[in-house]
Amino acid sequence: MLETAGDRFGQTLAEELSKLRAELATQRADISHEIATAKVAILKWSFVFWLGQILVIVNVISWMLHGAAAQ
């Protein structure tokens with residue numbers, strides 16, 4: 001009887017571990033997807049920031065050159 005209970009416990013434990021592994025794999029895939037999405041968003045906003053900075057620098061240089069030419 002004790003052996004049967006031990007076998008049943010082992011089988012139940014194996015089933016629960018299998019479910020846990022499947023759930024963890026799903027959560028890992030979800031987290032990986034979220035990280036990839038965040039990286040894309042960061043890259044997009046970084047590009048917008050860089051473009052804005054380049055436009056400001058070009059305008060300041062242009063203003064300085066036109067100011068120097070007028071003097």
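Residues numbered from 1 in each chain as written. Predicted model: local features only at pLDDT ≥ 70, side-chain atom pairs only at ≥ 80, totals over all residues. Heavy atoms only, no water.

(A) Broad picture of the overall build of the protein chain. Looking only at helices and strands, one finds one helix and zero strands in the protein chain. Expected size for 71 residues packed as a compact globule is a radius of gyration near 11 Å; at 31 Å, the protein chain overshoots this value by more than 25%. For the protein chain, the spread of C-alpha atoms along the principal axes amounts to about 105 × 10 × 5 Å. Looking at the 71 residues of the protein chain, the share that counts as buried comes to 0%. Taken as a whole, the protein chain presents about 6,800 Å² of accessible surface, with 69% of it coming from carbon and sulfur. Taken together, the 6 basic and 7 acidic charged side chains of the protein chain have centroids lying 11 Å from each other. (Helix = DSSP H or I, 4+ residues; strand = E, 2+ residues; numbered from the N terminus. Rg over C-alpha atoms; globule rule 2.2 N^0.38 Å. Buried < 20%, exposed > 50% of the residue type's maximum accessible area, 1.4 Å probe, protein only. Areas by Shrake-Rupley, 256 points an atom, 1.4 Å probe, with all protein chains shown as cover. Lys, Arg positive; Asp, Glu negative; His and termini not counted. Charge placed at Lys NZ, Arg CZ, Asp CG, Glu CD.)

(B) Broad picture of a nonpolar patch on the surface. Taken together, the side chains of Leu-43, Trp-45, Phe-47, Val-48, Phe-49, Trp-50, Leu-51 and Leu-55 make up a nonpolar region of the molecular surface, amounting to roughly 910 Å² of accessible area. Here Phe-49 is to be found in helix 1 (residues 2-70). (Patch = residues over 30% accessible without salt bridge, like charges linked within 9 Å, V, L, I, M, F, W, Y side chains within 5 Å. Salt bridge = Lys/Arg side-chain N within 4 Å of Asp/Glu carboxyl O.)

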